[in-house]
Amino acid sequence: MHFSSLASFALLALTQLSSAAVLDSRGAVGASVSGDVCACISGSLTVGSTNCGSISTSDGLCTCVSLLADVVASTTLAPVKTALMFAAKADVVASLTALIHAADSKKTCLLPGNSSPACTKDDLCGFTCKTGYSKSGASCVKSVGVSVGAAVDAGVSAGLGAVSAGLGAVAGVAAGLGADVCGCISGELTVKGKSCGSISASDGLCTCVSILADVVASSALSPIKTALSIGASADVVASLSAMISDSETKKTCSHPANSSPSCTKSDVCGFSCKSGFKLSALLCVAEDLVSSVKHIL
């Protein structure tokens, strides 16, 4: 329980911090999204009036307009090298730009801030995030790295006392479990040696010893009313207690503190939590404590 709570708290701290980072970074990304035109180039490369050779699909030259200057400077493709022999770099870039715009595969791509195009045949609008940023969906968010661990450690330290207090309170509730004997009563009710009438199964008198005094005071059953005309409430309670103990449905039940038995035929050991308390697992925990623990975890 202690480890699970601590782990849950740490996970929540991590999630909240990461979410904040994503939201902040996406705001910045949204303001710096840039458009680019990308495609896989194929066809004859002509610079000025000079045909410099053909770029084929098998050459795999998939790129974006924004990268063409770097592509021209670094490529080993023969047509591009030939073009550089006849024209300036800017002219070759212009010719390749025209080939991108003429390509059947051309796509206009929206690339997030802090990214670089990574155009491929399978993903023309692909991108990679720059150093210090990580991909999150269609955005590049600032990596939180060590700061997350530090924040989690700080959060755990700050929240540990509250978690421990909450668990201690729950343990106190568990320690308050009380035993009761419950069952569905049927048969002849006798008080001071006198028969007061029969309680049948159809009367549905399922109850517990701990609440018999209240049952006797409020019951409308004729045998109980008759019994009260013969003996005191304590005498009737004693007789009904004996009937519970003799019942085939008798069960010894453990009811948590701050609860009231709600014995029924289908749930002899049933209970309900008192006002101001809420069922949590098999315990009745103060509602404000449940809210606090949920907030922490």
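Placed above this text is the structure.
Residues numbered from 1 in each chain as written. Predicted model: local features only at pLDDT ≥ 70, side-chain atom pairs only at ≥ 80, totals over all residues. Heavy atoms only, no water.

Quick notes on the packing of aromatic side chains
The relative placement of two aromatic rings is captured by the distance of their centres and the angle of their planes.
(1) Moving on: Counting across every chain of the model gives 0 aromatic pairs.
(2) Moving on: Against the face of Tyr-133 rests Lys-142, its NZ or CZ located 5.4 Å from the ring centre. (Phe/Tyr/Trp six-rings, centres within 6.5 Å; stacked < 30°, edge-to-face > 60°. Lys NZ or Arg CZ within 6 Å of the ring centre and 35° of its normal.)

A few points about the state of the cysteines
(1) Moving on: Applying the stated criterion across every chain yields a total of 8 disulfides.
(2) Moving on: Note that Cys-182 is cross-linked by a disulfide to Cys-208, the S-S spacing being 2.0 Å. Linking Cys-182 and Cys-208, the disulfide has an S-S dihedral of approximately 105° and is accordingly described as right-handed. Within this pair, whereas Cys-182 is found in strand β10 (residues 178-184), its partner Cys-208 is found in strand β13 (residues 206-208), the two being separated by 26 residues in sequence. Cys-208 shares its class with Cys-182; the two are buried. (Disulfide = S-S within 2.5 Å. Helix = DSSP H or I, 4+ residues; strand = E, 2+ residues; numbered from the N terminus. Buried < 20%, exposed > 50% of the residue type's maximum accessible area, 1.4 Å probe, protein only.)

Quick look at the pattern of salt bridges
(1) Moving on: Summed over all chains, the structure comprises 1 salt bridge.
(2) Moving on: Measuring nitrogen to oxygen at the nearest pair gives 3.8 Å for the salt bridge that ties Asp-235 to Lys-192. Residue Asp-235 is located in helix α8 (residues 233-246), and its partner Lys-192 is located in the loop between β11 (187-191) and β12 (194-199); the two are separated by 43 residues in the primary sequence.
(3) Moving on: Residue classification places Asp-235 among the partly exposed positions, given a relative accessible area of 27%.
(4) Moving on: With a relative accessible area of 62%, Lys-192 lands in the exposed category. (Salt bridge = Lys/Arg side-chain N within 4 Å of Asp/Glu carboxyl O.)

Observations regarding the packing of helix α7 (residues 222-230) against α8
(1) Moving on: As a packed pair, α7 and α8 sit with axes 8 Å apart at the nearest point and diverge in direction by 135°. The angle between α7 and α8 falls in the class oblique. Note that α7 runs across α8; the crossing there is right-handed. On α8, the residues that touch Ile-224, Ala-227 and Leu-228 of α7 are Ser-233, Val-236 and Leu-240. (Axes fitted to C-alpha atoms, helices over the stretch in contact; angles between N-to-C directions. Parallel < 35°, antiparallel > 145°, perpendicular 65-115°, else oblique. Left-handed = near helix turned anticlockwise from the far one by under 90°. Contact = heavy atoms within 4.5 Å.)

Examining the pairing of strand β8 (residues 133-136)
(1) Moving on: Pairing between β8 and strand β9 (residues 139-142): 4 bridges, direction antiparallel. Pairing of Ser-136 across the sheet is with Ser-139, part of β9. (Pairing = 2+ DSSP bridges.)

Focus on unusual backbone geometry
(1) Moving on: Of note, Lys-192 is a non-glycine position whose phi angle comes to about 55°, a positive value.
(2) Moving on: Phi angles above zero are rare outside glycine, and Asn-258 is one such case at about 65°.
(3) Moving on: Positionally, Asn-258 belongs in the loop between β14 (251-255) and β15 (259-261).
(4) Moving on: In this structure Asn-258 comes out as partly exposed when scored by relative accessible area, which is 26%.

Let's talk about α7
A turn of α-helix holds 3.6 residues, and therefore any two residues three or four places apart point the same way.
(1) Moving on: Taken together, the buried positions of α7 are occupied by Pro-223, Ile-224 and Ala-227. The buried side chains of α7 occupy one side of the element, clustering within an arc of 95° when seen end-on. Residues of α7 that are exposed and point more than 90 degrees away from the buried face comprise Lys-225 and Ser-229. (Arc of directions from axis to C-beta.)

A look at the side chain of Asp-36
(1) Moving on: Relative to the helices and strands, Asp-36 is located in strand β1 (residues 34-40).
(2) Moving on: Of the side chains with opposite charge, Lys-130 comes closest to the buried, unpaired Asp-36, at an N-O distance of 11 Å.
(3) Moving on: Within the structure, Asp-36 has its side chain in polar contact with the side chain of Ser-66 (distance 2.3 Å).
(4) Moving on: Look past the residues within four positions of Asp-36 in its chain and what remains in contact with it is Cys-64, Val-65, Ser-66, Lys-107, Thr-108, Cys-109, Leu-111 and Pro-117. (Lys, Arg positive; Asp, Glu negative; His and termini not counted. Polar contact = N/O pair within 3.5 Å; in protein donor to acceptor, adjacent residues only side chain to side chain.)

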